[in-house]
Amino acid sequence: MREKVILITGAAGEMGQALVQELSQDGANNRVLTMDLNPMPAEFASMTTHITGDILDERLFARLVTKYDFDVIFHLAALLSTRAEFSPELAHRVNVDGTLLLLQMAADQSQARNRPVQFIFPSSIAAYGMPDLETKARDGRVREWDWNMPTTMYGCNKLYCEQLGSYFAHHYMQLAVNRPVMLDFRSLRFPGLISAFTLPTGGTTDYGPEMLHAAAQGKPFACFVRPDSALPFMVMPDAVRALLKLATAPRQALTRDVYNVTSFSITAAAIRERTLAAFPGAEISYDVDTRRQGIVDSWPADLSDKAARRDWGWEPVYDVDRAFNEYLIPNIQQRYHKMS
Ligand code: AKB
């Protein structure tokens, strides 16, 4: 008999590590199978069975499905926005072809076991494309169906994969005489994420976490966006909470496949101020990269997460004050203090 597991792709990344940790502590005795191009850090060895491999490796998946029954898939593997602009074709392969391969596998498994596989897909504010700064300032909290005109390869990939997921969940093989069992696709559009314990690689919202972590280490930091750049952000514990809360929401409560979730909207200047208040000697300057600025300007300043609040009771635990005062600053201080 195949072993029932939760599969997490991209598990060695920021969100993956936080999710694995949470799943290992939730008392539900989850069997977690992780996959990433990179090995998991040593401290995760007891929490998962890890496969170091490529999500584009069809033969690897063909082997895995003979051994495992994927009850839930958290498909976190992706090339983020800045990195994707330097290698758009590779980004398309990883972000789109990789997702398609997994959706196909989840669809086949749903059919084989006669029960939907749940497919959780983190999307992003990158799915939006605001036409100009005036609109960005005017429109405030953007709703899921507004401004779906991404300007980055990563944003295009995310938006398209949301739609692919919906296709597999509702219309897959729609002309077949015997319709297959559909998978259960659920997606979250995340704002910029900040963790006290890890740093992102290749994103455009990275100035937030990078500023804080550099200041805590006494390293100078040049912020690559203007002080007035506003984006929605969320701390990692809330991001993991959102993933798990959406995964456990009753299907009949969900009125959409894709939900915005957010916590607070903040400018780069306000992140700098809060960082300087915690680390008074920090050297934080601005050295604006106009190309990365263009990407940030195309993303909304804030998100409306009304639908998530209404349908499955989403609510972040950390507003901006709690995020900095109770989670980020104390944990980052402790982390670098320990290291030194
Ligand atoms: C990035 O900056 O690429 C990510 C994202 C907004 O999804 N943090």
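About the thresholds
Residues numbered from 1 in each chain as written. Predicted model: local features only at pLDDT ≥ 70, side-chain atom pairs only at ≥ 80, totals over all residues. Heavy atoms only, no water. Core = buried A, V, L, I, M, F, W, Y, C linked by side-chain atoms within 4.5 Å. Buried < 20%, exposed > 50% of the residue type's maximum accessible area, 1.4 Å probe, protein only. Helix = DSSP H or I, 4+ residues; strand = E, 2+ residues; numbered from the N terminus. Contact = heavy atoms within 4.5 Å. pLDDT = per-residue confidence, 0-100. Near = heavy atom within 4 Å. Polar contact = N/O pair within 3.5 Å; in protein donor to acceptor, adjacent residues only side chain to side chain. Areas by Shrake-Rupley, 256 points an atom, 1.4 Å probe, with all protein chains shown as cover. Nonpolar A, V, L, I, M, F, W, Y, C, P; charged D, E, K, R; others polar. Phe/Tyr/Trp six-rings, centres within 6.5 Å; stacked < 30°, edge-to-face > 60°. Lys NZ or Arg CZ within 6 Å of the ring centre and 35° of its normal. Pairing = 2+ DSSP bridges. Axes fitted to C-alpha atoms, helices over the stretch in contact; angles between N-to-C directions. Parallel < 35°, antiparallel > 145°, perpendicular 65-115°, else oblique. Left-handed = near helix turned anticlockwise from the far one by under 90°.

Colleague: I would appreciate a short explanation of the nonpolar core in the present structure.
Modeller: In globular proteins that are soluble, nonpolar side chains generally tend to be buried together. In terms of nonpolar packing, the biggest core is built from 110 residues, with Ile8, Phe74, Phe190, Tyr207 and Trp312 touching the most fellow members. Ranked by the residues each element gives to this core, the list is headed by helix α4 (residues 88-113), at nine residues. Sequence-distant contacts of Phe190, that is, excluding residues within four places in its chain, are made with Met15, Pro122, Ser123, Ser124, Ile125, Met234, Ala239, Ala242, Leu243 and Val261.

Colleague: Teacher, can you tell me more about the confidence of the model for the protein here?
Modeller: Segments scoring low in pLDDT should not have their predicted coordinates read at a detailed level. Looking at the protein, the pLDDT average stands at 96 and 100% of residues meet or exceed 70. Summarising per-element confidence for the protein, the mean pLDDT is lowest in helix α12 (residues 320-339) (94) and highest in strand β11 (residues 258-260) (99).

Colleague: I'm lost on the site of the ligand in this one. Help?
Modeller: Within the structure, the ligand sits among Leu80, Ser81, Ser124, Ile125, Tyr154, Gly203, Thr204, Thr205 and Trp299. Backbone polar atom of Thr204 to an oxygen atom of the ligand: 2.6 Å apart, as the coordinates give it. With respect to the ligand, the side chain of Thr205 contributes an N or O atom lying 2.9 Å from a nitrogen atom. Coverage of the ligand by the protein chains reaches 91% of its 250 Å² of free accessible surface. Looking at side-chain class alone, the shell around the ligand contains four nonpolar, five polar and no charged residues.

Colleague: Any chance you could explain the packing of aromatic side chains here in plain terms?
Modeller: Two numbers describe a pair of aromatic rings. These are the distance of the centres and the angle of the planes. Taken as a whole, this structure holds 13 aromatic pairs when the rule is applied. Where Tyr68 meets Phe70, the ring centres are 6.4 Å apart and the plane angle is 25°; that geometry is what we call stacked. No difference in accessibility class separates Tyr68 from Phe70, as the two residues are buried. For the ring pair Phe264 and Phe324, a centre distance of 6.4 Å and an interplane angle of 55° mean the geometry is tilted. Highlighted residues: Phe264 in strand β12 (residues 264-267) and Phe324 in helix α12, separated in sequence by 60 residues. Of the two residues, Phe264 and Phe324, both sit in the buried class. Ring pairing ties together the aromatic residues Phe119, Phe121 and Phe185, which thus form one cluster. In this structure, Arg292 packs its charged tip against the face of Phe224, placed 3.7 Å from the ring centre. Here the guanidinium or amino end of Arg322 rests over the ring plane of Tyr318, the centre of that ring lying 5.5 Å away.

Colleague: Please explain the sheet that holds strand β10 (residues 230-235) as it appears in this structure.
Modeller: Strand order across the open sheet formed by three strands is β8-β10-β12, with mixed pairing between neighbours. Of all the strands in the sheet, just β8 (192-194) and β12 have a single pairing partner and so form its edges. Within the sheet, the average angular offset between the axes of one strand and its neighbour, ignoring direction, is 50°. Together, β8 and β10 form the strand contacts of helix α8 (residues 236-248), whose direction differs from that of β10 by roughly 75°.

Colleague: Honestly, the packing of helix α2 (residues 58-67) against α4 in this entry has me stumped. Any pointers?
Modeller: A pair of packed helices is captured by two measures, namely the crossing angle of their axes and the spacing between those axes. Orientation of α2 relative to α4, taken along the N-to-C sense of each, is 25°, at an axis distance of 11 Å. In terms of orientation, α2 lies roughly parallel with respect to α4. In terms of crossing hand, the pair formed by α2 and α4 is right-handed. Across the interface between the two elements, Glu58, Phe61 and Val65 of α2 pack against Leu101, Leu102, Met105 and Gln109 of α4. Here the contact of α2 with α4 is composed, by residue class, of five nonpolar, one polar and one charged.

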